[in-house]
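Structural description and commentary
So you can see what is in the structure, the chains are spelled out below.
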Amino acid sequence: MPAILESLGVPYTGSNSVTLALALDKAKTKQILVSEGIPTPSWQLFPTPTTRLNTRLGFPLIVKPNREGSSKGIWRESVVGDEASLRRQVARIYERYHQEVLVEEFVDGTELTVGMIGDDALPILEIDFSPCKGSGEFFYSWRMKEFQGDASLGLAPAFHCPARLDAQMAARVHEMARRAHRALGCADFSRTDIRLRADGTPFVLEVNPLPGLSPLDSNFTAMTTAAGLSHHALIQRIVELATARYSQTSQTARPACAGTTRDDGSVPAQEPASANRLVASPVAP
Ligand SMILES: Nc1ncnc2c1ncn2[C@@H]1O[C@H](COP(=O)(O)OP(=O)(O)OP(=O)(O)O)[C@@H](O)[C@H]1O
Ligand SMILES: [Mg+2]
């Protein structure tokens, strides 16, 4: 949709099509994070099901589709402790999703997610899976998201917002999310998923430039609620940020579009809008 709106010149809220495409590709996102010095788990992309495992990676590993969301293709069995299980999961993802597979070191620790509105980081949300032990699910798998809150299935994690972190760690995690948001070129809002390893090292898993904003059950709105922001105020803020962004862009873009100076110092008249459209060339006789 953003790509269509861009081609039509229709303003919209949130990140542009380039950021959305980049963030959908987890491996590309990780390359950008690394280039910005933002820690992310070590990984390897499997472009084919028979790609050889780089021995630099240490088990346990997590196997996931490179370009999905909502934990699609992420099951309890996706965390693997040996190469035979890894091969099984890689094959399973190829079969179902027909795309490259991302193999990543599993960060055992605390699950955190951080919402950004403009340059402001929201209170950190911690998702604690310890109440889900009976279900055998121990991280944010597809099943955990699909049936979240169903205590009869043992899929009711505990949410803490703000997260149970000391002030120094909270500031560090906030700064990571802010840097990840900027590195991907996110606009207006985003949500960065982070895992805090047991030794206290935070790692960015991915950046979501289009997180769910449902007032009923989205993690983003759990954070805005904790910040004392109503859903109405959240939407209002997003629209304000986008409006400010568009008015800035049109002010800086206008002189370049309208008046490129010629070598002799004169300014060509502004071309009519139709001049930007593709016009079929006359056929040569
Ligand atoms: N390297 C990792 N170490 C530990 N847990 C991980 C790792 N990668 C993924 N996970 C677990 O799997 C979950 C889903 O992974 P990820 O965020 O990459 O997928 P997604 O489908 O893009 O999610 P979203 O619904 O946020 O778009 C994480 O929230 C986390 O619980
Ligand atoms: Mg995620």
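Report on the accompanying structure. Keep in mind it's a predicted model, so treat the numbers as computed, not measured.

For the protein chain, the helix and strand inventory stands at eight helices and ten strands. Counting every position in the protein chain, which comprises 285 residues, the buried fraction comes to 30%. A separation threshold of at least 6 residues defines the contact pool for the protein chain, and within that pool the share at least 24 residues apart is 63%.

The immediate surroundings of ligand 1 are formed by 21 residues, with Pro41, Gly69, Val107, Phe139 and Tyr140 found nearest. Among the elements of the structure, strand E2 (61-65), strand E4 (101-105), strand E9 (189-197) and strand E10 (202-208) are those that each provide at least two residues to the shell around ligand 1. Broken down by element, the shell around ligand 1 gets its largest block of residues, three residues, from E10. Across the shell around ligand 1, the residue classes break down as eight nonpolar, four polar and nine charged. Residue assignment places the shell around ligand 1 across two domains, with domain 1 (1-40 + 107-124 + 161-250) and domain 2 (42-106) each supplying three or more.

Next up on the list: the pairing of E4. In regular strands, side chains alternate between the two faces of the sheet. The buried fraction of E4 amounts to four of the five residues, a majority that puts the element mostly inside the structure. Bridge count for E2 against E4 is five bridges, and the pairing is antiparallel. Paired with Leu61 across the strands is Glu105, a residue of E4.

Burial analysis of E2 places five of its five residues in the buried class, which makes it a mostly covered element. Going residue by residue along E2, you find Leu61, Val63 and Pro65 tucked away on one face and Ile62 and Lys64 tucked away on the opposite face as well. As paired elements, E2 and strand E3 (residues 79-80) share two bridges and run antiparallel to each other. Residue pairing in the sheet places Leu61 in a bridge with Val80 of E3.

Cut-offs applied
- Residues numbered from 1 in each chain as written.
- Chains lettered and ligands numbered in written order.
- Predicted model: local features only at pLDDT ≥ 70, side-chain atom pairs only at ≥ 80, totals over all residues.
- Helix = DSSP H or I, 4+ residues; strand = E, 2+ residues; numbered from the N terminus.
- Buried ≥ 20, exposed ≤ 12 C-beta atoms within 10 Å, placed from the backbone.
- Contact = placed C-beta atoms within 7 Å.
- Near = placed C-beta within 6 Å.
- Nonpolar A, V, L, I, M, F, W, Y, C, P; charged D, E, K, R; others polar.
- Domains from an automatic or database assignment.
- Pairing = 2+ DSSP bridges.

Shape descriptors only; they carry no functional weight alone.
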